[in-house]
Amino acid sequence: MIIARILGTVVSTQKDPRLQGKKLLIVKPINLDGTDQSGYLVAVDTVGAGFHEKVIVVGGSSARMAEGNKDCPVDSAIIGVIDRIDFIPADGKTE
Amino acid sequence: MIIARILGTVVSTQKDPRLQGKKLLIVKPINLDGTDQSGYLVAVDTVGAGFHEKVIVVGGSSARMAEGNKDCPVDSAIIGVIDRIDFIPADGKTE
Amino acid sequence: MIIARILGTVVSTQKDPRLQGKKLLIVKPINLDGTDQSGYLVAVDTVGAGFHEKVIVVGGSSARMAEGNKDCPVDSAIIGVIDRIDFIPADGKTE
Amino acid sequence: MIIARILGTVVSTQKDPRLQGKKLLIVKPINLDGTDQSGYLVAVDTVGAGFHEKVIVVGGSSARMAEGNKDCPVDSAIIGVIDRIDFIPADGKTE
Amino acid sequence: MIIARILGTVVSTQKDPRLQGKKLLIVKPINLDGTDQSGYLVAVDTVGAGFHEKVIVVGGSSARMAEGNKDCPVDSAIIGVIDRIDFIPADGKTE
């Protein structure tokens with residue numbers, strides 16, 4: 001999975017019947033220091049993520065395993081909102 | 001998924017039987033500002049997209065979930081025509 | 001899918017039983033103007049493509065949907081020979 | 001698969017129900033000489049890997065084949081801790 | 001599929017149960033002229049390939065179609081040893 005932030009919404013009327021009612025968001029992959037990566041993805045929001053939140057995005061066939069996406073023609077889905085990332089110090093004593 | 005625009009049509013007579021009757025389009029991925037990315041894809045049109053329209057393209061096995069593509073040897077499909085993209089301002093008050 | 005041209009044949013005696021009798025070709029992805037891209041792929045020919053022809057190549061699990069590839073350990077297959085590509089002029093009047 | 005080392009933990013409360021109880025780790029792909037590659041992945045730990053250990057990471061739908069990941073929306077999983085890598089000398093006599 | 005050569009062996013004791021008994025090799029993708037590409041992969045050997053041999057490597061879910069890999073958490077497998085590659089001359093008369 002990758003980490004991304006939410007930039008906006010894609011509005012589409014003429015679309016695959018299995019996309020009806022799905023929220024399609026523009027997400028931008030970010031680096032571990034919070035800066036933007038190049039590029040973007042269109043992902044289905046399956047967890048009710050708020051705008052600008054940092055989210056976990058799953059790709060490929062596994063996007064269809066996200067809540068509500070079964071058999072849908074989607075290859076990218078938001079599956080979690082990130083509270084924080086705990087980095088491990090060099091002595092490994094975080095846990 | 002990615003956003004792309006339609007450049008043309010691929011004409012192929014000698015092809016896999018499951019591609020019969022499918023419309024194979026050349027699509028060019030675009031950036032969020034509407035400029036072209038490098039590269040291109042051959043994608044099956046499943047929503048009757050018009051030329052030069054901006055479309056949503058799904059890749060990988062999920063392309064076979066698009067209307068009419070079940071069990072077809074395709075890895076890229078057009079699944080929606082984009083009306084517009086709503087970008088979220090920094091104060092997040094769009095919704 | 002991508003467009004490629006055929007460069008040669010891979011000869012392999014010691015191989016997975018499900019590859020027996022399959023024609024493994026070296027294909028080179030090409031740009032829309034016909035020039036070569038970098039890189040290459042080994043793809044199963046499923047349509048009897050001739051050498052140097054421009055072909056459509058499908059990747060990933062969908063390569064197993066091509067004629068004769070069911071349950072085979074292949075991730076790339078030639079599924080069509082390209083007759084021509086019709087590019088759409090800016091006024092969109094091709095169709 | 002790729003080789004990576006573990007950098008930290010992703011904490012997420014609002015997430016897909018099938019991610020409940022899963023340990024989501026930040027992993028950084030490394031080169032064969034042990035130096036870091038650019039980029040990172042969020043992967044599910046399925047083998048109880050310790051921090052800073054070198055691990056094997058599987059991607060795509062096969063991440064769902066790892067212990068406990070069946071039908072989960074995950075595209076990356078840690079499936080082994082690496083003890084060592086034996087490189088083969090030019091004369092090929094390691095085995 | 002890609003062409004690679006075998007560089008060494010990954011030794012892992014703590015790993016997914018379905019990897020028990022599998023031979024995990026480090027392979028390096030090569031160019032058509034035999035030179036190394038950057039990067040590497042960890043692949044399951046399913047054909048008894050010898051060190052330094054040139055092999056065919058399949059990726060993604062199709063790696064699970066290789067002999068013995070059914071339902072295993074692997075995304076890369078060696079499925080053939082290459083005897084030779086026959087390139088087609090410009091006049092196309094090889095066959």
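A.B. asks: Got a minute to help me understand unusual backbone geometry in this structure?
C.D. replies: In terms of backbone geometry, most residues other than glycine have negative phi values and most peptide bonds are trans. Even without glycine at this site, Asp71 of chain A takes up a positive phi of about 65°. The class for Asp71 of chain A is partly exposed, based on a relative accessible area of 36%.

A.B. asks: Looking at this model, I keep getting lost on the interface of chain A and chain D. Mind explaining?
C.D. replies: As a measure of interface size, the accessible area lost when the parts come together is often cited. Taken together, the contact between chain A and chain D spans 32 residues of the former and 32 residues of the latter. Between chain A and chain D, roughly 2600 Å² of surface is buried when both sides are summed, and carbon and sulfur atoms account for 56% of that area. Three residues stand out in chain A for area buried against chain D, namely Met1, Met65 and Ile88 of chain A, and they jointly supply 28% of the buried area on that side. One can count 0 salt bridges joining chain A with chain D.

A.B. asks: Could you clarify how one ought to interpret the relation of the copies chain A and chain D in this entry?
C.D. replies: Both copies of the chain are placed relative to one another by a rotation about an axis and a shift along it. Overlaying chain A on chain D yields an RMSD of 0.0 Å, the required transformation being a rotation through 72° with an accompanying axial translation of 0.0 Å. In the structure described here, the two chain copies are related by an operation that fits a five-fold rotation axis. Of the residues that chain A buries at the interface, just 3% are likewise interface residues in chain D, meaning the two copies contact each other through different surfaces.

A.B. asks: Honestly, the relation of the copies chain B and chain C in this entry has me stumped. Any pointers?
C.D. replies: In the superposition of chain B on chain C (RMSD 0.0 Å, axial shift 0.0 Å), the rotation amounts to 72°. Little of the interface of chain B is mirrored in chain C, where only 3% of its interface residues again form contacts.

A.B. asks: Where do I start with the environment of Ser38 of chain A in this structure?
C.D. replies: Residues and elements named next belong to chain A. Relative to the helices and strands, Ser38 resides in the loop between strand S2 (24–29) and strand S3 (41–45). A relative accessible area of 68% means that Ser38 is categorised as exposed. Ser38 sits 12 residues away from Gly50 along the chain, and the two C-alpha atoms are 22 Å apart.

A.B. asks: So what exactly am I meant to see when it comes to the interface of chain B and chain C here?
C.D. replies: Of the residues lining the interface, 32 residues belong to chain B; the matching set on chain C comes to 32 residues. Summed over both sides, the interface of chain B with chain C buries roughly 2600 Å², with 56% coming from carbon and sulfur. Connecting chain B to chain C are 0 salt bridges. Taken together, the connections running from chain B to chain C amount to 19 residue pairs in polar contact (both at pLDDT 80 or more). Secondary-structure elements contributing two or more residues to the side of chain B that touches chain C are strand S1 (2–11), strand S2 (24–29) and strand S3 (41–45) of chain B. Considering every element that reaches the side of chain B that touches chain C, the biggest residue donor is S1 of chain B, with 5 residues. A per-class count over the side of chain B that touches chain C returns 16 nonpolar, 9 polar and 7 charged. Examined bridge by bridge, S1 of chain B and strand S6 (residues 84–87) of chain C share 4 bridges and lie antiparallel to one another.

A.B. asks: Hey, could you run me through the arrangement of the chains in this one?
C.D. replies: With no contact formed, the shortest span from any C-alpha in chain C to any C-alpha in chain D equals 10 Å. Nowhere do chain B and chain E come into contact; their C-alpha atoms are at least 10 Å apart.

A.B. asks: Would you take a moment to explain the pairing of strand S5 (residues 76–81) of chain C for this structure?
C.D. replies: Within a regular strand, the side chains alternate between the two sheet faces. All names here are of chain C. Burial within S5 is extensive, with 6 of its 6 residues counted as buried. Here 2 bridges tie strand S3 (residues 41–45) to S5, and the two strands are oriented parallel to one another. Bridging from a neighbouring strand, Val44 pairs with Ala77 of S5. Inspection of the sheet shows strand S4 (residues 54–59) paired to S5 by 5 bridges, in the antiparallel sense. Paired with Val58 across the bridge in S5 is Ala77.

A.B. asks: I would appreciate a short explanation of the pairing of strand S2 (residues 24–29) of chain D in the present structure.
C.D. replies: All names here are of chain D. Where burial is concerned, most of S2 is hidden: 6 out of the 6 residues are buried. On S2, burial covers both faces: Leu24, Ile26 and Lys28 on one face and Leu25, Val27 and Pro29 on the other are all buried. The pairing of strand S1 (residues 2–11) with S2 spans 5 bridges and is classified as antiparallel. Counted as the bridge partner of Gly8 is Ile26 from S2. Pairing of S2 with strand S3 (residues 41–45), which is carried by 4 bridges, proceeds in the antiparallel orientation. Pairing of Leu24 across the sheet is with Val44, part of S3.

A.B. asks: Explanation requested: the environment of Ile26 of chain B in the structure shown.
C.D. replies: Residue and element names in this part refer to chain B. By secondary structure assignment, the location of Ile26 is in strand S2. On the accessibility criterion, Ile26 (0% relative accessible area) is buried. A sequence separation of 18 residues divides Ile26 from Gly8, and the C-alpha atoms of the two residues are 5.1 Å apart.

Thresholds, definitions, all that
Residues numbered from 1 in each chain as written. Chains lettered and ligands numbered in written order. Predicted model: local features only at pLDDT ≥ 70, side-chain atom pairs only at ≥ 80, totals over all residues. Heavy atoms only, no water. Buried < 20%, exposed > 50% of the residue type's maximum accessible area, 1.4 Å probe, protein only. Contact = heavy atoms within 4.5 Å. Buried area = accessible area lost by both parts, 1.4 Å probe. Salt bridge = Lys/Arg side-chain N within 4 Å of Asp/Glu carboxyl O. Least-squares fit on C-alpha atoms with pLDDT ≥ 70 in both. Helix = DSSP H or I, 4+ residues; strand = E, 2+ residues; numbered from the N terminus. Polar contact = N/O pair within 3.5 Å; in protein donor to acceptor, adjacent residues only side chain to side chain. Nonpolar A, V, L, I, M, F, W, Y, C, P; charged D, E, K, R; others polar. Pairing = 2+ DSSP bridges.

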